[in-house]
Amino acid sequence: KYGSGRAQGDFGVKLIGKDGAYFDDLKIQMQVSEISKFVQQSGSPIEVDGKLTSNIDHISFAPSGIITKADGVIKWKNAMASLGPEKLPLGDFTLSLKSKGSSVEAKLKDAGGPVEANIVITLAHNGDIAINGKVGYRPDAHKVLINIMKMPFRGKSEKILNIKGNILQRDKLIAEFMKP
């Protein structure tokens with residue numbers, strides 16, 4: 001248990017083989033604000049909130065931290081970002097995880113809120129990643145959110161993603177996203 005949230009499941013560490021650690025039957029219910037401080041980059045002015053729930057049948061991590069197997073669903077309801085005093089509603093999102101041979105496929109979809117997302121992420125065991133799909137904002141999105149999203153979108157309401165790289169080189173992935 002963490003804050004007012006709950007996480008439960010079976011945790012194990014494999015001493016032999018490729019996988020460094022795993023969770024089975026992982027169920028999480030908590031406010032994103034309770035865990036966001038652990039995942040934010042230092043100095044980030046953006047805070048996130050909303051309700052996070054998961055129903056993960058299995059997830060395995062290599063010693064490097066790369067996900068090597070994952071099957072289940074993660075939902076982010078009433079997603080919100082705060083930039084200073086502005087609270088920006090983002091919508092509801094579902095991330096479906098599926099192991100596929102030597103990779104994990106993650107499908108991110110929105111449920112019709114201010115932010116549109118239809119993205120497929122393929123993560124190989126060696127950290128190679130492909131991000132394909134579309135992300136954008138809808139006309140009824142908060143004006144501040146629209147202005148923020150227009151920067152990497154070069155003034156458009158959406159961005160088509162076709163990004164390839166390695167998850168261990170996050171700065172390069174971010175630079176790829178920011179390209180026109």
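Data block above holds the structure.
This structure is a prediction, so every number in the text was calculated from the model and none was measured. By convention here, each chain's residues receive numbers from 1 onward along its written sequence. In keeping with the model being predicted, local features are shown solely for residues with a pLDDT of at least 70 and side-chain atom pairs are shown and tallied solely at 80 or more, while totals for entire chains, interfaces and linings include all residues. Values reported for side chains reflect all heavy atoms of the structure, with hydrogen atoms and water molecules removed beforehand.

1. A word on the side chain of His-58
1) Next: Mapped onto the elements, His-58 comes out in strand S3 (residues 46–61).
2) Next: For every residue, the accessible area obtained with a 1.4 Å probe (protein chains only) is divided by the maximum for its type, and the residue is called buried under 20%, exposed over 50%, and partly exposed between those limits. Given a relative accessible area of 19%, His-58 falls into the buried group.
3) Next: Each polar contact in these results corresponds to two N or O atoms within 3.5 Å; when the atoms are within protein, one needs to be able to donate a hydrogen and the other to accept it, and residues that are neighboring in sequence are counted only if both atoms are side-chain atoms. Among the polar contacts made by the side chain of His-58, one reaches the side chain of Ser-60 at a distance of 2.5 Å.
4) Next: Between two residues, a contact is recorded if the distance between any of their heavy atoms is within 4.5 Å. Filtering out sequence-adjacent residues up to four positions away, His-58 remains in contact with Tyr-22, Phe-23, Asp-24, Lys-69, Ala-70 and Asp-71. In DSSP terms, a helix is any run of H or I states spanning at least four residues, a strand is any run of E spanning at least two, and both are numbered starting from the N terminus.

2. A closer look at the pattern of salt bridges
1) Next: Salt bridges, as used here, are contacts in which a Lys or Arg side-chain nitrogen is within 4 Å of a carboxyl oxygen on Asp or Glu. Within this structure, the stated rule accounts for 6 salt bridges.
2) Next: As a salt-bridge pair, Lys-100 and Glu-105 come within 3.6 Å of each other at their nearest N and O atoms.
3) Next: Residue classification places Lys-100 among the partly exposed residues on the basis of a relative accessible area of 45%.
4) Next: The buried category is assigned to Glu-105, whose relative accessible area is 16%.
5) Next: For Glu-105, the salt bridge is made with Lys-107, and the minimal N-O distance between the two is 3.8 Å.
6) Next: What makes Lys-107 partly exposed here is its relative accessible area of 38%.
7) Next: Residues joined by salt bridges that share partners form a network here, namely Lys-100, Glu-105 and Lys-107.

3. A few points about unusual backbone geometry
1) Next: The phi angle at Asp-25 is positive, at roughly 50°, despite the residue not being glycine.
2) Next: By the element assignment, Asp-25 lies in strand S2 (residues 21–31).
3) Next: Given a relative accessible area of 40%, Asp-25 falls into the partly exposed group.
4) Next: Residues other than glycine seldom take positive phi values, yet Asn-78 does so here, at roughly 50°.
5) Next: Position of Asn-78 relative to the elements: it lies in strand S4 (residues 67–83).

4. Re the packing of aromatic side chains
1) Next: Think of it this way: a Phe, Tyr or Trp ring, Trp meaning its six-membered ring, pairs with another when their centres are within 6.5 Å, and the plane angle makes it stacked under 30 degrees, edge-to-face over 60, tilted otherwise. For the coordinates displayed, the defined rule picks out 1 aromatic pair.
2) Next: Judged by centre distance (6.1 Å) and plane angle (40°), the rings of Trp-76 and Phe-93 are tilted. Here Phe-93 lies in strand S5 (residues 86–100) and Trp-76 lies in strand S4, a separation of 17 residues in the sequence.
3) Next: For Phe-93, a relative accessible area of 9% corresponds to the buried category.

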